[in-house]
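Per-entry structural report
Residue-level listing of the chains:
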Amino acid sequence: SSNEQAQPVQQTTSSRRSRGGPLEKTGRWTEEEHTRFLHGLHLFGKKWTKVADIVGTRTTVQVRSHAQKYFQKMEKGKDSAATVQAAPSKKSSKNRSREKSTS
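What counts, and at which threshold
Residues numbered from 1 in each chain as written. Predicted model: local features only at pLDDT ≥ 70, side-chain atom pairs only at ≥ 80, totals over all residues. Heavy atoms only, no water. Helix = DSSP H or I, 4+ residues; strand = E, 2+ residues; numbered from the N terminus. Expected span 1.5 Å × (residues − 1). Buried < 20%, exposed > 50% of the residue type's maximum accessible area, 1.4 Å probe, protein only. Arc of directions from axis to C-beta. Salt bridge = Lys/Arg side-chain N within 4 Å of Asp/Glu carboxyl O. Phe/Tyr/Trp six-rings, centres within 6.5 Å; stacked < 30°, edge-to-face > 60°.

Moving on, we get to helix 1 (residues 31–44). Across its 14 residues, helix 1 extends 20 Å between first and last C-alpha, which sits within 8% of the 20 Å expected from 1.5 Å per residue. Where helix 1 is concerned, the buried positions are Glu 33, Phe 37, Gly 40 and Leu 41. Buried residues of helix 1, viewed axially, fall in a sector of 100°; they line one side. Those residues of helix 1 that are exposed and angled more than 90 degrees off the buried face are Glu 31, Glu 32 and His 42. Once helix 1 finishes, Gly 45 follows within two positions and takes phi at roughly 60°, a positive value.

Further remarks concern the pattern of salt bridges. One pass over the full model with this rule turns up four salt bridges. The shortest N-O distance in the salt bridge between Glu 33 and Lys 25 comes to 3.7 Å. Residue Glu 33 is classed as buried on the basis of its relative accessible area, which comes to 1%. Residue Glu 33 is joined to Arg 58 by a salt bridge in which the shortest nitrogen-to-oxygen separation is 3.0 Å. Here the residue Glu 33 occupies a position in helix 1, and Arg 58 occupies one in the loop between helix 2 (48–55) and helix 3 (60–85), the gap between them amounting to 25 residues. Take Glu 33 and Arg 58: they sit in the same class, and that class is buried. Several salt bridges share partner residues, and in doing so they unite Lys 25, Glu 33 and Arg 58 into one network.

Before going further, it helps to spend a moment on the packing of aromatic side chains. Within the structure shown, the criterion is met by three aromatic pairs. Look at Trp 29 and Phe 37: their rings are 6.1 Å apart centre to centre, the planes differ by 80°, and that puts the pair in the edge-to-face class. With relative accessibility at 0%, the residue Phe 37 sits in the buried group. When the centroid spacing of 5.7 Å and the interplanar angle of 80° are considered together, the rings of Phe 37 and Tyr 70 count as edge-to-face. A residue pair is termed long-range when its members are at least 10 positions apart, and Phe 37 in helix 1 and Tyr 70 in helix 3 qualify at 33 residues.

What follows is the structure in C-alpha cells.
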C-alpha cells in the first residue's frame, strides 16, 4: 500500500514487554539505571537476577551483558593507567627499532 509511510527508526530508548511481565527497556542505559546496577552489584555480586530486580527496568540477560561491558571498561581503564605509570618499559618493538637506527 503506497499510502503507508515507514516510520523512522528511533535511536532513543524504547520499551517492550517480556513474557507478559513489566515493561523492559531497550537501548542505552540511563545514568539512573547504571547507578542502580552498581548498587545491585555491590549488594549481590554476580547474582544477575537479583541485580536485575534492583535495576527494575532491565532483564537478567541485559544486566549480565551490561556487566560484561562494564568490567571490560574497568579493565581497559586499569591497563591504560598502568601503562602511563610504567611508560619507559612499555615501548613497542617499532619504537625500539627506531631508537637503534638513530643512535
